[in-house]
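Observations on the three-dimensional arrangement
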Amino acid sequence: MIEIIATIRKNFGSKISRRIRKNNKLPAIIYGKNKKNLGIEIEHDKFINFFKIKNFHKQDVLLIIENKEYVVKIKKLDWHVFKTKILHIDFKFKN
């Protein structure tokens, strides 16, 4: 299982997301049925390195956020149109 360290985002919106990306981080959200949505940010370069692993996007991911562990699946990746850069990730809580 792949482990990723993330931090909680307190502010949301396109202006805030642009600021996060400018700091080489990646805005993301975790959602799931009967669970509160959780906005997070991840180091972009560390995350993109996982794509070297075969079928990475199909594997379970262990997110470590403030000493708590969450097992999630990648639901959606939004890529930049012509750069090798991810703009946003949607994770889903694994039940």
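Up top is the structure.
Residues numbered from 1 in each chain as written. Predicted model: local features only at pLDDT ≥ 70, side-chain atom pairs only at ≥ 80, totals over all residues. Heavy atoms only, no water.

1. Here we look at the overall build of the protein chain
- Within the protein chain, the regular secondary structure consists of two helices and six strands.
- What you see in the protein chain, going N to C, is helices and strands ordered as β-α-β-β-α-β-β-β.
- Against the compact-globule benchmark of 12 Å for 95 residues, the protein chain has a radius of gyration of 13 Å, which places it among compact chains.
- Expressed as lengths along the three principal axes of its C-alpha atoms, the size of the protein chain is roughly 35 × 35 × 20 Å.
- Per-residue burial over the protein chain gives 35% buried out of 95 residues.
- Taking the contacts inside the protein chain whose residues are at least 6 apart along the sequence as the reference set, 52% of them involve residues at least 24 apart. (Helix = DSSP H or I, 4+ residues; strand = E, 2+ residues; numbered from the N terminus. Rg over C-alpha atoms; globule rule 2.2 N^0.38 Å. Buried < 20%, exposed > 50% of the residue type's maximum accessible area, 1.4 Å probe, protein only. Contact = heavy atoms within 4.5 Å.)

2. As for the layout of surface pockets
- Taken as a whole, the largest pocket holds about 180 Å³ of empty space.
- Lining the largest pocket, in full, are Glu3, Ile4, Ile5, Ala6, Thr7, Lys25, Glu41, Ile42, Glu43, Lys46, Phe47 and Phe50.
- Listing elements by their share of the lining of the largest pocket, those giving two or more residues are strand S1 (2-8), strand S3 (35-43) and helix H2 (44-48).
- Residues of the lining of the largest pocket, tallied by class, amount to six nonpolar, one polar and five charged. (1 Å grid on protein atoms, 1.4 Å probe; cavity = no way out; pocket = protein on both sides within 12 Å on 5 of 7 lines; lining within 4 Å. Points joined across faces, edges and corners; volume = space filled by probe spheres on them. Nonpolar A, V, L, I, M, F, W, Y, C, P; charged D, E, K, R; others polar.)

3. Some points on the sheet that holds strand S4 (residues 60-65)
- In spatial order, the strands read S1-S3-S2-S6-S5-S4; together these six strands close into a barrel with mixed pairing. The average angle at which neighbouring strand axes cross in this sheet is 45°, direction not considered.
- Where strand S5 (residues 68-79) meets strand S6 (residues 86-93), seven bridges bridge the pair, whose relative direction is antiparallel. Counterpart to Lys76 in the pairing with S6 is Asp90.
- Lying over the sheet, helix H1 (residues 14-22) contacts strand S2 (25-32), S3 and S6, oriented at roughly 125° with respect to S2. (Pairing = 2+ DSSP bridges. Axes fitted to C-alpha atoms, helices over the stretch in contact; angles between N-to-C directions.)

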